[in-house]
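Coordinate analysis (summary)
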Amino acid sequence: MAAAVLLSHLRRLTVPQIEELLARDHVVRRAQQYFNEGRVEQLWVDGDAVRAHVSGSSSTSYHGVVRLHQGQLEPECSCPYTRGMCWHVGAMLLSIAGDES
């Protein structure tokens, strides 16, 4: 049930809401670029989380995870970015938002 609630929440996100979550203009631009380039390679539900492999500047894909905890999104990524939500997770969110499948 937790996965269904999370997916429902993520699918309702609008692009402006995702941009607000990403907070920084350069992160928004890179997330949009990665989404447009199809860098979200795999996206799957695993228990109470949505996970993805997103190709980036490394030779191996980064692993992004999004959970919902007390109504708040909790993103994680294996990339080295530490100043908030990264563009890999942003590309994940853009891939999910509005997806009805």
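Everything discussed here concerns the structure shown above.
Residues numbered from 1 in each chain as written. Predicted model: local features only at pLDDT ≥ 70, side-chain atom pairs only at ≥ 80, totals over all residues. Heavy atoms only, no water.

On to the pattern of salt bridges. Here the structure, examined in full by the defined rule, presents 4 salt bridges. Two residues, Arg67 and Asp48, come together in a salt bridge whose shortest N-O distance is 3.6 Å. Residue Arg67 is located in strand S3 (residues 62-69), and its partner Asp48 is located in the loop between strand S1 (40-46) and strand S2 (49-54); the two are separated by 19 residues in the primary sequence. Residue classification places Asp48 among the partly exposed positions, given a relative accessible area of 40%. One salt-bridge network, held together by shared partners, links Asp48, Arg67 and Glu76. (Salt bridge = Lys/Arg side-chain N within 4 Å of Asp/Glu carboxyl O. Helix = DSSP H or I, 4+ residues; strand = E, 2+ residues; numbered from the N terminus. Buried < 20%, exposed > 50% of the residue type's maximum accessible area, 1.4 Å probe, protein only.)

Nonpolar side chains in soluble globular proteins generally cluster together in the buried interior. Membership of the largest hydrophobic core comes to 28 residues, with the highest contact counts inside it found for Leu10, Leu22, Val50, Val66, Val89, Met92 and Leu93. For this core, the elements supplying multiple residues, two or more each, are helix H1 (2-11), helix H2 (15-22), helix H3 (25-36), S2, S3 and helix H4 (87-96). When residues in this core are grouped by element, the largest group, 7 residues, is from H4. Apart from the residues within four sequence positions on either side, Val66 is in contact with Leu6, Leu10, Asp48, Ala49, Val50, Leu73, Glu74, Pro75, Val89, Met92 and Leu93. (Core = buried A, V, L, I, M, F, W, Y, C linked by side-chain atoms within 4.5 Å. Contact = heavy atoms within 4.5 Å.)

Further remarks concern the pairing of S1. One ladder, built from 6 bridges, connects S1 with S2; its direction is antiparallel. In the sheet register, Trp44 faces S2, and the bridge partner there is Arg51. With antiparallel pairing between neighbouring strands as the criterion, S1 and S2 make up a hairpin whose turn holds 2 residues, including Gly47 at a positive phi of roughly 65°. (Pairing = 2+ DSSP bridges.)

Our focus in this paragraph is the environment of Leu10. Following the sequence through the fold, Leu10 ends up in helix H1. Taking the relative accessible area as the measure of exposure, Leu10 reaches 0% and is therefore buried. Filtering out sequence-adjacent residues up to four positions away, Leu10 remains in contact with Val50, Val66, Leu73, Leu93, Ile96 and Ala97.

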